[in-house]
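Observations on chain architecture
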Amino acid sequence: MGETERFDDILLEVKGLKKHFRMNRNYTVKAVDGISFSIQRGETYGLVGESGSGKSTAGRSIIRLYDITDGSIRFDGREIGGSLDAGTTRHLRTNMQMIFQDPMSCLNPRKKVIDIIAMGLDVYHLYQNKAEREEKVYRIMEKVGLSREHATRYPHQFSGGQRQRIGIARALVMQPELVIADECISALDVSIQAQVVNLMRDLQDELGVTYLFIAHDLSLVKYISDKIGVMHYGHIVESGTTEDIFCTPVHPYTKSLLSAVPEPNPLAVRKKVSVHYDPREMGIDYTKGVYHALSETHQIKCTDDELVRWMREA
């Protein structure tokens, strides 16, 4: 997704991020429990895992839709994990945007498309006059494949793929440094998914935007991501480049996810072995694990004994 000179500095750095939800005095859900990763400018970091693994909670915590329980989040050189002053809040809201999972529920049904896309521009007064506002909206609509005639319509008048393009336009009209795409294509048909992913790649090449791409579909993550973090029960259990994860996986959970990826070749399907993974059955406790560097780019979270055993099996 570009030459190495594009990845010259870190845009987002997450260290020990925790987000716990206290349900009652006796029970707390540890949705995110101490994850760490970084994203360099211009690259795409894929955060993958099954439903309930904490991916979306991590994304919403990073953009500060949730107050975090503990940890550090540095964005564009500024700490955004704690309380935010007015200047940092403005910097965060104008330079980090989110594309949500359901393209219908995140669009105001009572507003026209032009007003939905321009919402961030209106809040932060990022235009001099009405003509400039319209021009910014029309320009981004054309980039995402929508015509100017669509601007006066309402969300219910569009297909699912078109509504997701509106969501992408709403995020990109702010010209953000980082876009968090939270399962942004999972509600779409497979053919539309490919269109939206290709659109996001093209926009990245054209605008230089950085993505945190949250998904459970490993085949799509492989296509769009430079680096991948595999998340389970609130922990990133393995991380590395796309090649690291797909060619030399070590953690049994990563192997189980890869074994579930659909295979288009019938001959390959016959040879494929499904990998069962249950951490309780296998005696794996993520809280006892520490990060082990397998290479400069490849890390795994486990105990010393687990590392020896899994490397022998790899």
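So, a few notes on the structure that sits alongside this text.

The subject of this paragraph is the overall build of the protein. On a plain count of helices and strands, the protein comes out with 13 helices and 12 strands. Over its C-alpha trace the protein gives a radius of gyration of 20 Å, about what one expects of a compact globule, namely 20 Å for 314 residues. Over its C-alpha atoms, taken along the principal directions, the protein stretches across nearly 65 × 50 × 45 Å. When the 314 residues of the protein are sorted by exposure, 48% land in the buried category. Accessible surface for the protein amounts to roughly 15500 Å². Of this, 47% is attributable to carbon and sulfur atoms. Computed over 40 positive and 42 negative side-chain charges, the inter-centroid distance for the protein is 6 Å.

With that settled, consider the pairing of strand S1 (residues 10–24). When S1 meets strand S2 (residues 27–40), the two strands line up antiparallel, connected through 11 bridges. Its bridge partner being in S2, asparagine 24 is matched across the sheet by tyrosine 27. One ladder, built from five bridges, connects S1 with strand S4 (residues 70–75); its direction is antiparallel. Paired with lysine 18 across the two strands is aspartate 70, which belongs to S4.

Here we take up the packing of aromatic side chains. Taken as a whole and judged by the stated rule, the model has four aromatic pairs. When the centroid spacing of 4.7 Å and the interplanar angle of 15 degrees are considered together, the rings of phenylalanine 37 and tyrosine 45 count as stacked. For phenylalanine 37, a relative accessible area of 7% puts it in the buried group. Taking the centre distance of 6.4 Å and the plane angle of 65 degrees together, the rings of tyrosine 233 and tyrosine 286 count as edge-to-face. Note that tyrosine 233 is positioned in the loop between strand S9 (227–232) and strand S10 (235–241) and tyrosine 286 in the loop between helix H12 (279–282) and strand S11 (290–293), a separation of 53 residues in sequence. Classification of tyrosine 233 as partly exposed rests on a relative accessible area of 37%. When its relative accessible area of 7% is taken as the criterion, tyrosine 286 is described as buried. Seen from the ring of phenylalanine 21, lysine 19 lies directly overhead, with NZ or CZ sitting 4.9 Å from the centre. When the ring centre of tyrosine 223 is taken as reference, the NZ or CZ atom of arginine 201 above it lies at 4.6 Å.

Rules and cut-offs
Residues numbered from 1 in each chain as written. Predicted model: local features only at pLDDT ≥ 70, side-chain atom pairs only at ≥ 80, totals over all residues. Heavy atoms only, no water. Helix = DSSP H or I, 4+ residues; strand = E, 2+ residues; numbered from the N terminus. Rg over C-alpha atoms; globule rule 2.2 N^0.38 Å. Buried < 20%, exposed > 50% of the residue type's maximum accessible area, 1.4 Å probe, protein only. Areas by Shrake-Rupley, 256 points an atom, 1.4 Å probe, with all protein chains shown as cover. Lys, Arg positive; Asp, Glu negative; His and termini not counted. Charge placed at Lys NZ, Arg CZ, Asp CG, Glu CD. Pairing = 2+ DSSP bridges. Phe/Tyr/Trp six-rings, centres within 6.5 Å; stacked < 30°, edge-to-face > 60°. Lys NZ or Arg CZ within 6 Å of the ring centre and 35° of its normal.

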